[in-house]
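Examining the three-dimensional arrangement
So you can see what is in the structure, the chains are spelled out below.
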Amino acid sequence: MDKNFQEEQFTGMIKFTPPLYKQRYQFVKDLVGKYKPKKVADLGCADCTLLWMLKFCNCIEVLAGLDTCASVMKEKMHTLSPLPGDYLQPAERSLTVTLHHGSVAHKDPCMLGFDLVTCIELIEHLEESELEKFPEVVFGFMAPTMVVISTPNSEFNPLLPGVTVFRHPDHKFEWDRAQFQSWALDTAKRYDYTVEFTGVGSPPTGMEDVGFCTQIGVFVKKYPQTSKPAQSEKPTEAAYETVFKAVYPSLKDEKYLQNAVVSEVMFTAQVIKQSLLDHLVSEQEKYNDNPTERKFQLQRSVNCFSEDLETQAVEKSTEPFVNGNVVYIPLKKIFSSPKVTRLCGTFEKLCKLITGKVTLSTDGSAVILNTEHENEEN
């Protein structure tokens, strides 16, 4: 069931720009941008559109969705899977996305520990018995730092042509502002939250007294540091069925970090090598009119060190140099690259990650690259 489709048939006649459902999702996204929650759960996630939008927020490391209609989630859950580009360029943060099939009237330990819980156009779909259990499950058991609840404002309904009773055939009720605020204030008081009211979908000019088309309550827990009632009430059995889980590649995973570092080290080394060889060619061109001098300078450039002095030369050199057909590029030179530094953090970490993955000098202080192909024309 698409919660937005029926409503947009009516609200489209008033021409909300952007569409009302997008305004609700943008409200949540703006809230995430302001407060930077790491763990976010969307209850009544339906087609996963909000979750898809939130997966691009860099602060979020855990996303979870819950809905009673598994078929709708399964139809769209592929949009939450990592793309090839996510593997080619893993993000610095970790991200896990999980979808659960179940009811907000039931408690499940998988929903503990969230910073933000969203309930967008959900409560009006609940049966009376479910609505009675909803506050205890969300505010008492889950007890997140912040809860966002949106629901239709029935005072706006007379402005929506075609709406006779409710905006959607599955709605069990639609509250006016006084009813919603009374319920929200009572719930907030009972579970030690504060609540502020706002909304999206402004009324037409001259009809401001009806309020927003969608009313929103933003609940914030008063004592998030010390209040931990959920842990003591943790049930022994799961109530939800997990229907989807995706773990995104991340640079926090040593495997992906190592691949990224090796790739960046080799790229940086190749750039440095090419710059050095271009410089040598430029120097050689100065002696084009004197073949004897050109040959002497070329040999001097590429054979400046004997094998006996190789180790000593590599250890002391802070700049790349050529010996025979080999270019030595000091790791400290590579580590000075901003991207390599950001990836590794420390020089010791760089050495650890590339050991066994990159060809190094005898003492391990420089990357070795072959120049034979580049110099064969010379």
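Residues numbered from 1 in each chain as written. Predicted model: local features only at pLDDT ≥ 70, side-chain atom pairs only at ≥ 80, totals over all residues. Heavy atoms only, no water.

You'll find the chain entered in an unreviewed UniProt entry as Small RNA 2'-O-methyltransferase, with Anseranas semipalmata given as the organism. Recorded under Catalytic activity (unreviewed entry), the UniProt text for the chain is reproduced unchanged: "small RNA 3'-end nucleotide + S-adenosyl-L-methionine = small RNA 3'-end 2'-O-methylnucleotide + S-adenosyl-L-homocysteine + H(+)". Taken from UniProt, the Cofactor (unreviewed entry) comment for the chain reads in full: "Mg(2+)". (UniProt positions renumbered as here; feature names shortened; annotations may be inferred.)

**Topic: the pattern of salt bridges**
Scanning all chains against the criterion turns up 10 salt bridges. Where Glu92 meets Arg342, a salt bridge forms, and the shortest distance between an N and an O atom there is 3.3 Å. Here Glu92, found in the loop between helix H5 (84-88) and strand S3 (96-101), pairs with Arg342, found in helix H13 (residues 338-344); they are 250 residues apart in sequence, far enough to count as distant. Note on Arg342: relative accessible area 51%, which makes it exposed. The residue Glu136 makes a salt bridge to Lys107 at a minimum N-O spacing of 3.5 Å. Of this pair, Glu136 sits in helix H6 (residues 128-142) while Lys107 sits in the loop between S3 and strand S4 (116-120), and the two are 29 residues apart along the sequence. (Salt bridge = Lys/Arg side-chain N within 4 Å of Asp/Glu carboxyl O. Helix = DSSP H or I, 4+ residues; strand = E, 2+ residues; numbered from the N terminus. Buried < 20%, exposed > 50% of the residue type's maximum accessible area, 1.4 Å probe, protein only.)

**Let's talk about the side chain of Ser361**
In this structure, Ser361 sits in the loop between helix H14 (347-354) and strand S11 (366-370). Under the relative-accessibility criterion, Ser361 is labelled buried at 5%. One polar contact links Ser361 to Asp363, side chain to side chain, over a distance of 2.7 Å. (Polar contact = N/O pair within 3.5 Å; in protein donor to acceptor, adjacent residues only side chain to side chain.)

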